[in-house]
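If you want the building blocks of each chain, they are given just below.
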Amino acid sequence: MAAPAAHAQLKMFRMEKDSIPLFRGFSVSFDLVGPARLLLSDHGEIEGALRINLHDQWFPIIEIGVGKANHEDDEVTEIIYKTTAPYFRLGIDLNLLKNKHQSNRLYGGIRYGFTSYKVDMIRDILPDPIWKTETGFGVEGMKCNMHWMELVLGIDAKIYGPLHLGWNVRYKRRISHKEGDIGQIWYVPGFGINDQDTFAANFNVIIDI
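Below, the structure is looked at part by part. (Residues numbered from 1 in each chain as written. Predicted model: local features only at pLDDT ≥ 70, side-chain atom pairs only at ≥ 80, totals over all residues. Heavy atoms only, no water.)

## Notes on the overall build of the protein chain
When you go through the protein chain residue by residue, the secondary structure sums to two helices and 10 strands. Shown N-terminal to C-terminal, the secondary structure of the protein chain runs as helices and strands in the order α-β-α-β-β-β-β-β-β-β-β-β. Burial analysis of the protein chain (209 residues in total) assigns 33% to the buried set. The long-range fraction of contacts in the protein chain, counting pairs at least 24 apart against all pairs at least 6 apart in sequence, stands at 63%. Only carbon and sulfur atoms are counted for the fraction: they give 64% of the accessible area of the protein chain, which is about 12,600 Å². (Helix = DSSP H or I, 4+ residues; strand = E, 2+ residues; numbered from the N terminus. Buried < 20%, exposed > 50% of the residue type's maximum accessible area, 1.4 Å probe, protein only. Contact = heavy atoms within 4.5 Å. Areas by Shrake-Rupley, 256 points an atom, 1.4 Å probe, with all protein chains shown as cover.)

The structure is reproduced here in structure tokens:
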């Protein structure tokens, strides 16, 4: 008798699981780290995201923001660097918890990022080794772009009702880029300080809808 009872319980569990719809709504979120960095330093981002909930397991996401830098005191090169430009990322997250339908989530994800931006790079004082004079040098509106990938690991915690707070860390890897003809760009909107790869973190306010 135990086997039929167990079979009935398993069937009931499957029916209950299958009764949960594929589309579970969506959420909007806003990062707080980028604006704080923009206020406290010479670069940062303002960023928001729209994420779709599929069966509490898969979360397609689009992230859109504006990155800005006004770097005026480089101790090594003495170059003034300025840029402001939009960027976007497309990706998907996977809920890693065994109980997919609870309010809190642990997730891993992947992103593709892209930005097309213009840069001003100016050095006000440049010594002339021949004539022993000082002159300025620079370029304004230099067109650049970058494509990159990101690996994401994060946590969403329910606070009250539809309000969640989320933390995530990101590993970013450059795929391709165009930087112009006068050297490496200091900062890339959405990517951060320019290098082959970098790490970043976000702290998000999330509202489920």
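## As for the packing of aromatic side chains
The tally for this structure, following the rule as stated, stands at seven aromatic pairs. Ring plane angle 50° and centroid distance 5.2 Å describe the contact between tyrosine 171 and phenylalanine 199, whose orientation is recorded as tilted. Highlighted residues: tyrosine 171 in strand E7 (residues 163–178) and phenylalanine 199 in strand E10 (residues 197–208), separated in sequence by 28 residues. Judged by relative accessible area, which is 68%, phenylalanine 199 ranks as exposed. Between tryptophan 186 and tyrosine 187, the ring centres sit 6.4 Å apart and the planes meet at 45°, which makes this aromatic pair tilted. (Phe/Tyr/Trp six-rings, centres within 6.5 Å; stacked < 30°, edge-to-face > 60°.)

## Concerning the pattern of salt bridges
As a working rule, side chains carrying opposite charge can pair if their charged atoms are close by. This structure, assessed with the given rule, holds 14 salt bridges. Salt-bridge contacts for arginine 111 lead to aspartate 93; the nearest nitrogen and oxygen are separated by 2.8 Å. Placement of arginine 111 in strand E5 (residues 105–127) and of aspartate 93 in strand E4 (residues 80–95) is noted, with a sequence separation of 18 residues between them. Per residue, the accessibility class of arginine 111 equals that of aspartate 93, and both read buried. (Salt bridge = Lys/Arg side-chain N within 4 Å of Asp/Glu carboxyl O.)

## Examining the nonpolar core
The biggest cluster of nonpolar side chains holds 15 residues, and the ones touching the most others in it are Tyr81, Tyr117, Val119, Met121, Cys144 and Ile185. Those elements that place two or more of their residues in this core are E4, E5, strand E6 (134–160) and strand E8 (187–188). Looking at this core element by element, the count peaks at four residues for E6. Excluding anything up to four places from it in sequence, cysteine 144 contacts Thr115, Ser116, Tyr117, Val119, Lys178, Glu179, Gly180 and Ile185. (Core = buried A, V, L, I, M, F, W, Y, C linked by side-chain atoms within 4.5 Å.)

## Some details on unusual backbone geometry
Residue histidine 55 is not a glycine yet carries a positive backbone phi of 60°. Among the secondary structure elements, histidine 55 is positioned in the loop between strand E2 (43–54) and strand E3 (58–71). Here the phi dihedral of aspartate 56 falls at roughly 60°; this positive angle occurs in a residue that is not glycine. Structurally, aspartate 56 can be placed in the loop between E2 and E3. Note on aspartate 56: relative accessible area 4%, which makes it buried.

## Concerning the environment of glutamate 72
Inspection of the secondary structure assignment puts glutamate 72 in the loop between E3 and E4. Apart from residues no more than four positions distant in its own chain, glutamate 72 is found in contact with Ile80 and Lys82. At 3.5 Å, the side chain of glutamate 72 and the side chain of asparagine 70 are in polar contact. (Polar contact = N/O pair within 3.5 Å; in protein donor to acceptor, adjacent residues only side chain to side chain.)

## Focus: a nonpolar patch on the surface
Together, Phe23, Phe26, Leu50, Ile52, Ile207 and Ile209 line one region of the surface with nonpolar side chains, adding up to about 520 Å² of accessible area. Listing elements by their share of the nonpolar patch, those giving two or more residues are strand E1 (23–31) and E2. Looking at the element boundaries, phenylalanine 26 is found in strand E1. The exposure class of phenylalanine 26 is partly exposed, given its relative accessible area of 33%. (Patch = residues over 30% accessible without salt bridge, like charges linked within 9 Å, V, L, I, M, F, W, Y side chains within 5 Å.)

## Here we look at the environment of arginine 24
Mapped onto the fold, arginine 24 is located in strand E1. When its relative accessible area of 39% is taken as the criterion, arginine 24 is described as partly exposed. Along the primary structure arginine 24 and aspartate 208 are separated by 184 residues, whereas in three dimensions their C-alpha atoms are 9.8 Å apart. Among all residues touching arginine 24, those that are not within four sequence positions of it are Asn53, His55 and Asp56. A polar atom in the side chain of arginine 24 sits 3.0 Å from the side chain of aspartate 56.

In short, shape yes, function no, at least from these values alone.
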